[in-house]
Amino acid sequence: MTIVQNGTLVTPGGMLQADLAMEDGKITAIAPGLPAQGAVRVDASGCWVFPGFLDGHTHLDLNNGVMNTADDFASGTTAAVCGGTTTICDFATQDKGGTLMDALAAWKQKAAGVSRCNYAFHMAITDWNERTRAELGALRAAGVSSFKAYFAYDALRVRDDELLEILEAIRPFGGILGVHCENGDVVNAMQRRAIAGGRTGVENHPRTRPPEVEAEAIDRLCWLGRMAGMPVHVVHLSTALGLDVIRAARRRGQTVYAETCPQYLLLDESRYLLPGFEGAKYVMSPPLRSPNDVAALRRAVENGEINTISTDHCSFRFADQKAFGRDDFTKIPNGAPGIEHRPALMFSSFGGVLNAMQLCDLLSTNAAKLFGMYPRKGALAVGSDADVVVWDPGAQWTITAQNQHQAVDYTPYEGFAATGRAKYVFVNGILAAENGEPSRVCAGRYVAR
Ligand code: DUC
Ligand code: ZN
Ligand code: ZN
């Protein structure tokens, strides 16, 4: 048995000055002054104790058609636990012509035995047909209740009629569909025009994916959701225009879940104008936006319009992977690292305006609820899994590529002065990281939902 003593617990019922006991991977007791004879004692005085943070959007060990991400499940989940994240939802992606069950098996294989945090999979449907539809029951039985579809990327995207059918098909079992909202045809056309005109530099990445490209796709998703009688989930929201579209759908009475990411709350499009090829570090889709967009999204986080903050962690090394697009920005692999730093970035940045309960919702509880893991995950409660973070709110440290565990040669947040850090991180009751360094144990398990 392990007992976390004297911390301030962030529980579903409120903040609680109490001890927390864990045994056999579960939280077994929460009360002040628990008897600790024979138990391993963990001192949490001066700290907040949270349910482990949950990153609902990661891409580990992904091949983008040209190359593999820098982080696989070994390095990516090591980085995750060092930062306080105890569960990730990664994306298993169907091959064109392939089955959903094969995709799930392939992704389980990537994670099994090497994952330091728990992992669940959203299923990205890229080939919608009768065989795919027929697999949904088996997939649900295998623990997959959330799905993903793309409106952009030729290798991944589905048509509007297919997206409508997917929404209808997952409705009977309460599935939820997250969608990458960018108009792929328009992006393709704008990219072709830019390259034909000799505009090949990094600064053309955001110019060929303007805010309207996102807003239009979000609007289309919302109407398709209404036609299907289904809630929808907008992933990686990046624009004020897109936020307005979500507001309009909500005013009509629709349920629209919105996720955004630290990069859209902390960084802006001026990064694409950095000298040399530096801007390639920030090439992701959707791209970084204007300071006005950043301000609008920050207000939306503060007033509760954003449900979850996830990373879209999809790392490529600057030196030899981003470099692939040196002469043509459309060839720069899309994505940036973040899995390790999300909790510290958000506590540092919103700590003055949001309280511990609100940050807990944004970083853990809401994603657990949306993706069918609550209260097993996302709650400090007796019977919940013993994924626990002892958070030192006063710790001062600096984010650098040097001290990170992400297997990539940069961080978008180089030099960021962070306040707050995961002091102890437990995954299924086992110490997985301490003061930002991993333990020796790989305690992560597949989370069937
Ligand atoms: N965009 C995505 O849609 N997925 C991974 C990374 C990125 O930049
Ligand atoms: Zn996406
Ligand atoms: Zn993504």
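**Brief notes about the domain arrangement of the protein**
Per the domain assignment, the segments making up the protein are domain 1 (2–50 + 377–407 + 414–438) and domain 2 (53–370). Here the C-alpha centre of domain 2 lies 28 Å away from the C-alpha centre of domain 1. Taken together, the contact pairs 34 residues of domain 1 with 35 residues of domain 2. In this assembly, domain 1 packs against domain 2 so that about 2500 Å² is buried in total across both faces, 70% of it on carbon and sulfur atoms. In this structure, the connection of domain 1 to domain 2 is made through zero salt bridges. Here domain 1 and domain 2 share nine residue pairs in polar contact (both at pLDDT 80 or more) between them. Contributions of two or more residues to the side of domain 1 that touches domain 2 are made by β1 (2–11), β2 (14–23), β5 (48–51), β14 (388–398), β15 (417–427), β16 (430–434) and β17 (437–438). Considering each element in turn, the side of domain 1 that touches domain 2 owes the most residues, eight residues, to β15.

**Focus on the packing of aromatic side chains**
The final tally for this structure, using the stated rule, is 15 aromatic pairs. Seen from their ring centres, Phe121 and Tyr446 are 6.1 Å apart, and the 25° between their planes marks the pair as stacked. With Phe121 in strand β8 (residues 118–124) and Tyr446 in the segment after β17, the pair connects residues that are 325 residues apart, well separated along the chain. The two residues Phe121 and Tyr446 agree in class, both being buried. Aromatic side chains Tyr150 and Tyr153 sit 6.0 Å apart centroid to centroid with 65° between the ring planes, which places their arrangement in the edge-to-face category.

**Observations regarding empty space enclosed by the protein**
All told, the structure shown has two cavities of 30 Å³ or more when counted by the stated rule. Put simply, the largest cavity is a space of about 110 Å³. If you trace the largest cavity, you find it lined by Cys82, Gly83, Glu340, His341, Ala344, Trp391, Trp397, Asn403, His405, Arg421, Ala422 and Gly436. For the lining of the largest cavity, the elements supplying multiple residues, two or more each, are α1 (73–83), β14 and β15.

**Notes on the sheet that holds strand β6 (residues 53–58)**
Ordered by their spatial adjacency, eight strands build an open sheet running β6-β7-β8-β9-β10-β11-β12-β13, and the pairing between neighbours is parallel. Both outer strands of the open sheet, β6 and β13 (308–309), are each paired with one neighbouring strand and no more. One ladder, built from two bridges, connects strand β12 (residues 256–260) with β13; its direction is parallel. Bridging from a neighbouring strand, Thr260 pairs with Ile309 of β13. Across the sheet, helix α11 (residues 342–350) lies against β6, β7 (85–93) and β13, angled at about 110° from β6, the strand it touches most.

**Topic: helix α7 (residues 211–228)**
Under the 1.5 Å per step criterion, the end-to-end length of α7 is 26 Å for 18 residues, consistent within 8% with the ideal 26 Å. Here α7 has its buried residues at Val213, Glu214, Ala215, Ala217, Ile218, Arg220, Leu221, Cys222, Leu224, Gly225 and Ala228. The inward-facing, buried residues of α7 contact α4 (160–170), β10 (176–180), α5 (184–196), β11 (232–234), α8 (240–251) and β12. Immediately downstream of α7, the backbone of Gly229 shows phi near 65°, a positive value.

**What about the coordination of the zinc ion (ligand 2)?**
By definition of the ideal shapes, a tetrahedral metal site with four donors has angles of 109.5 degrees and an octahedral site with six donors has angles of 90 or 180 degrees. Those protein atoms acting as donors to the zinc ion (ligand 2) are His180 (ND1) and His236 (NE2), and they sit at 2.1 Å. In this structure, the zinc ion (ligand 2) lies 3.5 Å away from the zinc ion (ligand 3). Separated by 56 residues along the polypeptide, His180 in strand β10 and His236 in the loop between β11 and α8 bring together distant segments of the chain. For His180, a relative accessible area of 2% puts it in the buried group.

**Here's the deal with the coordination of the zinc ion (ligand 3)**
Protein ligation of the zinc ion (ligand 3) involves His57 (NE2), His59 (NE2) and Asp312 (OD), the donor distances falling in the range 2.0 to 2.1 Å. In the primary structure, the donors to the zinc ion (ligand 3) are separated according to the pattern H-x1-H-x252-D. By relative accessible area, which is 0% here, His57 ends up buried.

**As for the pairing of β8**
Across the seven residues of β8, seven count as buried, placing the element largely inside the fold. Here β8 shows a buried face lined by Asn118, Ala120, His122 and Ala124 and a second buried face lined by Tyr119, Phe121 and Met123. Pairing of β7 with β8 involves seven bridges; the strand directions are parallel. Bridging from a neighbouring strand, Cys89 pairs with Ala120 of β8. Taken together, β7, helix α2 (residues 100–111) and β8 constitute a β-α-β crossover, and its handedness is right-handed. Across two bridges, β8 lies against strand β9 (residues 146–150) in parallel orientation. The residue bridging Ala124 from the neighbouring strand is Lys148, located in β9. Between β8 and its parallel partner β9, the chain crosses via helix α3 (residues 130–141), and the hand of that crossover is right-handed.

**Side note on unusual backbone geometry**
With the exception of glycine, the majority of residues adopt a negative phi angle, and the majority of peptide bonds are in the trans configuration. In this chain, Ser285 is followed by Pro286 through a cis amide linkage whose omega measures -5°. With respect to the helices, strands and loops of the structure, Pro286 is situated in the loop between α9 (262–266) and α10 (291–302). Here the residue pair Tyr374 and Pro375 is connected by a cis peptide bond, since its omega of 5° sits within 30 degrees of zero. Secondary-structure assignment places Pro375 in the loop between α12 (356–370) and β14. With a phi angle near 35°, His236 is a residue other than glycine that sits in the positive phi range. Take His236: its relative accessible area is 2%, and that puts it in the buried class. Positive phi, normally seen in glycine, also occurs at Asn428, with a value near 50°.

Rules used in this analysis
Residues numbered from 1 in each chain as written. Chains lettered and ligands numbered in written order. Predicted model: local features only at pLDDT ≥ 70, side-chain atom pairs only at ≥ 80, totals over all residues. Heavy atoms only, no water. Domains from an automatic or database assignment. Contact = heavy atoms within 4.5 Å. Buried area = accessible area lost by both parts, 1.4 Å probe. Salt bridge = Lys/Arg side-chain N within 4 Å of Asp/Glu carboxyl O. Polar contact = N/O pair within 3.5 Å; in protein donor to acceptor, adjacent residues only side chain to side chain. Helix = DSSP H or I, 4+ residues; strand = E, 2+ residues; numbered from the N terminus. Phe/Tyr/Trp six-rings, centres within 6.5 Å; stacked < 30°, edge-to-face > 60°. Buried < 20%, exposed > 50% of the residue type's maximum accessible area, 1.4 Å probe, protein only. 1 Å grid on protein atoms, 1.4 Å probe; cavity = no way out; pocket = protein on both sides within 12 Å on 5 of 7 lines; lining within 4 Å. Points joined across faces, edges and corners; volume = space filled by probe spheres on them. Pairing = 2+ DSSP bridges. Axes fitted to C-alpha atoms, helices over the stretch in contact; angles between N-to-C directions. Expected span 1.5 Å × (residues − 1). Donors = N, O, S within 2.8 Å, 3.2 Å for Na, K, Ca; no water. Right-handed = clockwise from strand over helix to strand, strands pointing away.

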